[in-house]
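# Structural description and commentary
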Amino acid sequence: MLVAERAREGPVVAIYVSVGFAWEAEERAMIQRLFAAPPLAGVVAPPVELSFDMRDVFSPAHWAVKGTPPAFDTPDEDVYLTGRNVILLSKAGIYCAQQRIGRLALGPLAGNPFPDATPEFFAAMARALSLGLAHDLVVETPFAGLHKDAVIRLGVELGVPLELTLSCMNPKDGAHCGQCSKCRERRDAFHEAGVPDRTRYATVPAR
């Protein structure tokens, strides 16, 4: 959604940062399908793939490494990934400096409770990256005032095939698991947006 929204303003370079989490192979496959479909096909190139292995920080038993996410009705706090945006911004920021790109956008939503998703954090990271890389870099978060249902409505407006987007922490064979808290958030957001949910679920969500 973020790529399609930014593409309305001009050329976009999409960046995918792999850190070694369990869902990444499925995520890459879904991204490939999404970028091959309108409105992105022929407009935005496939993502630049970068890597920053975090499996020496997160233990092999961590749910994000094992692929065993917290259950359907667990709160956001249970899926906190320490330093997630620190890593994404650091690696992508270096790429931007090398390519002389001056704007870097992420997609955190309203209500995000994590310390690396606040306006203060993003402003501080933009300042630190600009200083440390000797390259002026602005960090943008255009969805920070939107909840997920509003983003879904925006996706419909942009013509994004929402069934080709992924928000699951345990996807299998191109399907959302239907059992993790991100599947719950997705299901609820489609309902709140009044948009049919064409997502393929391996297990029908509890609601």
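Note: the structure precedes this text.
What this report covers is the structure whose coordinates are included nearby. Sequence positions are assigned chain by chain, starting from 1 and proceeding in written order. This being a predicted model, a pLDDT of at least 70 is required before a residue's local features are given, and a value of 80 or more before pairs of side-chain atoms are given or counted; all residues contribute to the totals for chains, interfaces and linings. Processing note: side-chain calculations cover all non-hydrogen atoms of the structure and skip hydrogens and water entirely.

## Section: the overall build of the protein chain
Our working rule: Under the DSSP-based scheme used, a helix requires at least four consecutive residues in state H or I and a strand at least two consecutive residues in state E, with every element numbered from the N terminus. Remark: exposure states derive from per-residue accessible area (1.4 Å probe, protein chains only) relative to the maximum for the residue type, with buried under 20%, exposed over 50%, and partly exposed in between. In what follows, a contact means two residues having at least one pair of non-hydrogen atoms within 4.5 Å. The Shrake-Rupley method, run with a 1.4 Å probe sphere, supplies the accessible areas, and residue values consider only the shown protein chains as cover. For this count, His and the chain ends are skipped, Lys and Arg are scored as positive, and Asp and Glu as negative. Positions of charges follow a simple convention, taking NZ of Lys, CZ of Arg, CG of Asp or CD of Glu.
Within the protein chain one finds 7 helices and 4 strands. Counting from the amino terminus, the protein chain carries its helices and strands in the arrangement α-β-α-β-α-α-β-α-β-α-α. Projected onto its principal axes, the C-alpha coordinates of the protein chain cover approximately 50 × 40 × 30 Å. Within the protein chain, the fraction of its 207 residues that count as buried is 46%. Within the protein chain, contacts between residues separated by at least 24 positions form 72% of all contacts whose residues are at least 6 apart in sequence. With the model as given, the accessible surface of the protein chain reaches about 10600 Å², and the carbon-plus-sulfur share is 55%. Averaging the locations of the 21 positively and 24 negatively charged side chains of the protein chain gives two centres separated by 3 Å.

## Notes on empty space enclosed by the protein
Here is the rule we go by: Of the two site types, the cavity is a set of points on a 1 Å grid over the protein atoms alone where a 1.4 Å probe fits but cannot get out, and the pocket is an open set with protein on both sides within 12 Å along at least five of seven lines, each lined by residues with an atom within 4 Å of a point. Grid points are joined across faces, edges and corners, and a volume is the space filled by probe spheres set on the points. Each residue receives one of three labels: charged for Asp, Glu, Lys and Arg, nonpolar for Ala, Val, Leu, Ile, Met, Phe, Trp, Tyr, Cys and Pro, and polar for the others, Gly being one of them.
The final tally for this structure, using the stated rule, is 1 cavity of 30 Å³ or more. Here the largest cavity defines a volume of roughly 50 Å³. Contributing to the lining of the largest cavity are Val-19, Phe-21, Met-54, Phe-58, Leu-81, Thr-82, Gly-83, Arg-84 and Ile-87. For the lining of the largest cavity, a count of residues per class yields 6 nonpolar, 2 polar and 1 charged.

## Considering the environment of Thr-141
Secondary-structure assignment places Thr-141 in the loop between β4 (138-140) and α6 (148-158). Residues Thr-141 and Asp-116, 25 residues apart in the sequence, show an inter-C-alpha distance of 12 Å. The residues touching Thr-141, leaving out its near neighbours within four places in the chain, are Leu-106, Pro-108 and Phe-122.

## Some words on the pairing of strand β1 (residues 15-18)
Put simply, the rule reads: Strands are labelled as partners when DSSP assigns at least two bridges between them. Handedness is read with the strands pointing away from the viewer; a crossover is right-handed when the path from the first strand over the helix to the second is clockwise.
Here β1 runs beside strand β2 (residues 48-51); their pairing, made up of 4 bridges, is parallel. Its bridge partner lying in β2, Val-17 is registered against Leu-50. In this fold, β1 hands off to helix α2 (residues 24-35), which returns the chain to β2; that crossover is right-handed.

## Structural notes on the pattern of salt bridges
Defined as follows: The salt bridge definition used is simple: a Lys or Arg side-chain nitrogen within 4 Å of an Asp or Glu carboxyl oxygen.
All chains considered together, the criterion is met by 13 salt bridges. The salt bridge partner of Arg-103 is Glu-140, with a shortest N-O separation of 2.9 Å. On the criterion of sequence distance, the pair formed by Arg-103 in strand β3 (residues 103-105) and Glu-140 in strand β4 is long-range, its members being 37 residues apart. Between Asp-149 and Arg-153 there is a salt bridge; the shortest N-O distance is 3.2 Å. Here Arg-153 and Asp-149 lie together in helix α6, a separation of 4 residues that amounts to about one turn. Assessed through its relative accessible area of 15%, Asp-149 is described here as buried.

## Overview of unusual backbone geometry
Residue Pro-38 is joined to Pro-39 through a cis peptide bond whose omega torsion reads 5 degrees. Along the chain, Pro-39 turns up in the loop between α2 and β2. One non-glycine residue with positive phi stands out, namely Ala-134, at about 55 degrees. Within the secondary structure layout, Ala-134 lies in the loop between α5 (119-133) and β4. By relative accessible area, which is 65% here, Ala-134 ends up exposed. Not every positive phi belongs to a glycine, and Asp-173 is a case in point at roughly 50 degrees. Summarising the element assignment, Asp-173 is placed in the loop between α6 and α7 (181-193). According to the relative accessible area criterion, Asp-173 is exposed, its value standing at 67%.

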